[in-house]
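# Close look at the chain arrangement
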Amino acid sequence: MTQRIIGPFSRVEGNLELRLQIKEDRVAEARVSSQMYRGFEQMLEGKKPIDALVITPRICGICSVSQSVAAARALADLTGAKPPPNGVLAANLVHACENLADLFTHFYLFFMPDFANPAYRNEAWYGRVAERFRAVSGSAAGDALSARAELLHLMGLLAGKWPHTLAIQPGGSTRSIDASERLRLLTVLRRFRAFLEKTTFGTSLESIVELSQQDQWHQLSEPETSDCGRFFALSRNLKLDQLGRGGNAFMSFGGHAFEGESLFAAGLYTDRWQPLEADAIAEDVSHSWMQASPPRHPREGATKPTGMDDNGYSWCKAPRLNGRVIEVGALARQSVNGNPLALDLLRSGGANVQSRILMRLWEMARLLLAMENWAELLVPGEPFFEAGLASPQDGEGVGMVEAARGSLGHWMRVRNGLIDRYQIIAPTTWNFSPRDADGQPGALEQALSNAPVRKQDDENPVAVQHIVRSFDPCMACTVH
Amino acid sequence: MANFNMLWLQSSGCGGCTMSLLCAESPPLFEQLSWQGINLLWHPALSEASGQEVQSLLSDLEQGRESLDLLCIEGAVAQGPDGTGDFSRLPGTGRSMMSWLQGLSTRANYVVAVGSCAAYGGVSAGGDNPSDATGAQYAGERLGGLLGEAFRSRGGLPVINISGCPIHPQWVLESLASLVRGEMTLQDLDELGRPRSYTDHLVHHGCPRNEYYEYKASAQQHSQQGCLMEHLGCIGTQAHADCNIRLWNGGGSCLRGGYACINCTAPEFENPGYGFLSTPKVAGIPIGLPTDMPKAWFVALSSLSKAAMPARLRENALSDHQLMAPKIYYKNKRR
Ligand code: SF4
Ligand code: SF4
């Protein structure tokens, strides 16, 4: 058995370190460590509740709007604010735009460059793939950056700027748009659709969202002309459907509702859908660099870091649902949503590198179609915002949303008009949690066990990198 | 030919400055860098290399075996707990960011702090500052920070503070171009070490609400079109940045988004001492009026201009869309 410490880990958000025990040519045991702590939950104490809208987005620059939406929901829960239909649509558009940009950025800038890893230099496909996907200088990076920047014009229009907008508030959106701006919005969406259909999928978005079986998809996306097809070819060649096998409990907080209908359902999926028991969430700190305490629901939780001591190995806490390790993200979200394609993927190979990436790609198509629909439903001239009700002196508020990487929750308690407790559980906190008091490894720790370590890999096994990046971790969020 | 070596490190921040930088357009980021002749040695969010390879690069740079033209720091420097810097470590190296940044900055020709966290501590130093975060050469408004008041990089400049939370991509790219071309001098930085190219403007300049401001036609709640200064916390008249001239994401800005400027390019913006989204007042008069105007005059002028407020502005200021369009002026009054 040899031990390897891997870091820094590029193309993930924030400071991630892995500690691997390697036996022969496999990972026997993994420990995942978050190496940064900023202390947002402590910073929020004593602030005015509404200031959470300024502070919490700055937990993360990559899912900043998801943090805003969670904070706005918690505040709405506290104050009873009810945004008008336009406000809901605008917030959905801004939130979905970030989700979409996030999934897109991950695919092109974070995940695909792994196939340009020199560990693959002897593969027949290496030259072509590296030319397309090499980080920074690959042809895909340039294409993707232009398309991404143009998509984010939606943020310029509806949110003022991105990241760190204040447009999303409990009462709706501060930015109302007129008829001509609505047309600009549709143009932005149209242009991004063209990119996705021509370059990413090689087929229409409609044909992607209707898929119910992975085999059908292989035939749709050409391996020579679409990036999605290129991914299929690589995935088949490298058997990515057998890599990074996860557990079998998936959660989603659901979301993007409009007039009573949710685009994505909330719940838990194991071998069937179950309702979400949000009260059964508890954060364990037995292996974190935190003051010892029994597992607590975030409503009662506290965040008290110690120094780096031997009892822990991460600044991350270990959230569990009814004591269970949970995986979150696009695959989880779509399984909970009853998506036939997601269920087909789970049946054939469970959660793995390929199924995680495919559902992320699928969601891009789904989100853009939903966004076009919401943009059509906006009614210029009607209100976007309801005057904020005064925040009560004492009370509690909860905001639970889905960020691109999975379930995000904010739990806020107010005393004497000021925040007296604010607890946050981010998606990567679930996926990259350390062990709990029962010794159960977190979701990534499980997915890493048994990962192959190839001879041509030097210190940093490429299979490990695929697995880690298939979760698209955001370490800034994880610990906050 | 790319020959200006740049290393980018992320310390205690949210990565949002990088995410914003990726929004650079015409041309996109990587093209702008290569056009400028910048060779990106490593960036944690963007580069291929991980692990051992990066560790060797960093120690080569620190030991002077490879030249470092530019060190970009994103995120604040966590000094806690108890001065160890352990709250932010460079993974795999067993060393804190604090110690890496100290080592590498002595080797760099130029050090650029990207974003308000790196410049002054920013939101990472908010509240009681649980991680004991500081900026590269400032701790809030005070000179000092990690590297100390006297620090000058090998190229003779203090840390260049491209503050903002996040930064506008072009603030960074223009500053880099000016460094590569050897055109950046001390005179190009303001008193807080920020490039004057964007901080010699106020956010108020070019704000679409300027006409409302003239007459003190104020919005009472967010989403309304009036000026946000009187009630809703806007400090655009004091905030140094060209956000309403050089727009964001294809045409936006905070004020265009319908919410207040919170002066995120300034040190200590994170602890305003009042709620961000409402204007603190003393005897009904907003505190924190424009910095270069006597208060008494401001009050006198305000009441005059309020009295002169056109009906169009009075109506529109309190609505989320235009109720009254400006009147058309005809040369020939008797048509
Ligand atoms: S300055 Fe703002 S955007 Fe940049 S890293 Fe800090 S919190 Fe994030
Ligand atoms: S909203 Fe702010 S920046 Fe705009 S005119 Fe009023 S004070 Fe100036």
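To start, this report covers the structure provided alongside it. Along each chain, numbering runs from 1 in the same order as the chain's sequence is written. Chains carry letters and ligands carry numbers; both start at the beginning, A for chains and 1 for ligands, and go up in the order they are written. This being a predicted model, a pLDDT of at least 70 is required before a residue's local features are given, and a value of 80 or more before pairs of side-chain atoms are given or counted; all residues contribute to the totals for chains, interfaces and linings. By convention in this description, side-chain values take in all heavy atoms of the structure and omit both hydrogens and water.

### Regarding a nonpolar patch on the surface
As a reminder, the rule being used: Patches were defined on residues exceeding 30% relative accessible area and lacking a salt bridge, with like-charge contacts within 9 Å and nonpolar side-chain contacts (Val, Leu, Ile, Met, Phe, Trp, Tyr) within 5 Å. For the area figures, the Shrake-Rupley method with a 1.4 Å probe applies, and any residue is considered shielded solely by the protein chains shown. The salt bridge criterion pairs a side-chain nitrogen of Lys or Arg with a carboxyl oxygen of Asp or Glu, the two atoms within 4 Å. For the purposes of this entry, the term helix denotes a DSSP run of H or I that reaches at least four residues, the term strand denotes a run of E that reaches at least two, and both are numbered from the N terminus.
A contiguous nonpolar patch, built from B:Trp297, B:Leu301 and B:Leu304 and spanning about 360 Å² of accessible area, is present on the exposed surface. Relative to the helices and strands, B:Leu304 resides in helix H9 (residues 295-307).

### What about helix H11 (residues 227-238) of chain A?
An α-helix turns once every 3.6 residues. As a result, residues three or four positions apart point the same way. Residue and element names in this part refer to chain A. Just so we agree on the cut-off: Expected helix span is computed as 1.5 Å times (number of residues minus one). Partly exposed residues are those whose accessible area sits between 20% and 50% of the maximum for their type, while under 20% is buried and over 50% is exposed, using a 1.4 Å probe and protein chains only. Here, two residues are considered to be in contact whenever any of their heavy atoms come within 4.5 Å of each other.
Helix length check: H11 (twelve residues) gives 16 Å between terminal C-alpha atoms against 16 Å at 1.5 Å per residue, within 8%. Those residues of H11 lying buried are Asp227, Cys228, Gly229, Phe231, Phe232, Leu234, Ser235 and Leu238. Buried residues in H11 make contact with helix H4 (85-111), helix H5 (126-133), helix H8 (179-201), helix H10 (214-220) and helix H14 (353-377). Downstream of H11 by a residue or two, Lys239 has a phi angle that is positive, lying close to 55°.

### Let's talk about the interface of chain A and chain B
Quick reminder of the rule: By buried area we mean the combined loss of accessible area, with a 1.4 Å probe, across both parts when two parts are placed together. Pairing of N or O atoms within 3.5 Å defines a polar contact, subject to two protein rules: one partner must be a possible hydrogen donor and the other a possible acceptor, and residues neighboring in sequence count only if both atoms are side-chain atoms. Here the nonpolar group is Ala, Val, Leu, Ile, Met, Phe, Trp, Tyr, Cys and Pro; Asp, Glu, Lys and Arg are the charged ones; every other residue, Gly included, is treated as polar.
The interface of chain A with chain B comprises 80 residues on the first partner and 73 residues on the second. Where chain A abuts chain B, roughly 5,800 Å² becomes buried across the two surfaces, and 60% of that area is made up of carbon and sulfur atoms. Counting the surface chain A buries against chain B, the share from its top three residues, A:Pro8, A:Arg38 and A:Lys161, is 11%. Between chain A and chain B we count zero salt bridges in total. Where chain A packs against chain B, one counts 34 residue pairs in polar contact (both at pLDDT 80 or more). Among the elements of the structure, strand E2 (16-23), helix H1 (40-44), helix H2 (52-55), H4, helix H6 (139-151), helix H7 (153-158) and helix H17 (462-470) of chain A are those that each provide at least two residues to the side of chain A that touches chain B. Across the side of chain A that touches chain B, the residue classes tally to 40 nonpolar, 23 polar and 17 charged.

### Here's the deal with the side chain of A:Thr199
Residue and element names in this part refer to chain A. Structurally, Thr199 can be placed in helix H8. On the accessibility criterion, Thr199 (15% relative accessible area) is buried. The contacts of Thr199, once residues within four sequence positions are left out, are Tyr108, Arg132, Ala194, Thr225, Ser226 and Asp227.

### Section: the pattern of salt bridges
Throughout the structure, instances matching the rule amount to 36 salt bridges over all chains. Measuring nitrogen to oxygen at the nearest pair gives 3.8 Å for the salt bridge that ties A:Glu300 to A:Arg299. Residue classification places A:Glu300 among the partly exposed positions, given a relative accessible area of 43%. What makes A:Arg299 partly exposed here is its relative accessible area of 29%. The partner of B:Asp200 in a salt bridge is B:Arg196, with the nearest N and O atoms 2.9 Å apart. Taken together, the shared-partner salt bridges in this structure form one network comprising A:Glu29, A:Arg31, A:Arg435 and A:Glu445.

### Focus on the environment of B:Asp188
Residues and elements named next belong to chain B. Tracing the sequence through the fold places Asp188 in the loop between helix H6 (169-180) and helix H7 (196-199). Sequence spacing of Asp188 and Gly226 is 38 residues, and the spatial spacing of their C-alpha atoms is 35 Å. Setting aside its immediate chain neighbours within four residues, Asp188 contacts Glu183, Arg194, Pro195 and Arg196. Only 2.8 Å separates the side chain of Asp188 from the backbone nitrogen of Thr185, close enough to count as a polar contact.

### Details of the sheet that holds strand E13 (residues 395-403) of chain A
Residues and elements named next belong to chain A. What counts is decided by this rule: At least two bridges found by DSSP between two strands is the condition for calling them paired. Comment: axis = line fitted to C-alpha atoms, over the contacting stretch for helices; angle = value between 0 and 180 degrees taken between N-to-C directions.
The strand order E13-E14-E15 describes an open sheet built from three strands, whose pairing is antiparallel. Both edges of this open sheet fall to E13 and strand E15 (418-425), since each of them pairs with a single strand only. On average, each strand axis in the sheet is tilted by 15° relative to the strand beside it, whichever way the strands run. Here strand E14 (residues 406-415) runs beside E15; their pairing, made up of seven bridges, is antiparallel. Counterpart to Val414 in the pairing with E15 is Ile419. Packing of helix H3 (residues 64-79) onto the sheet brings it into contact with E13, E14 and E15, and relative to E13 it is tilted by some 150°.

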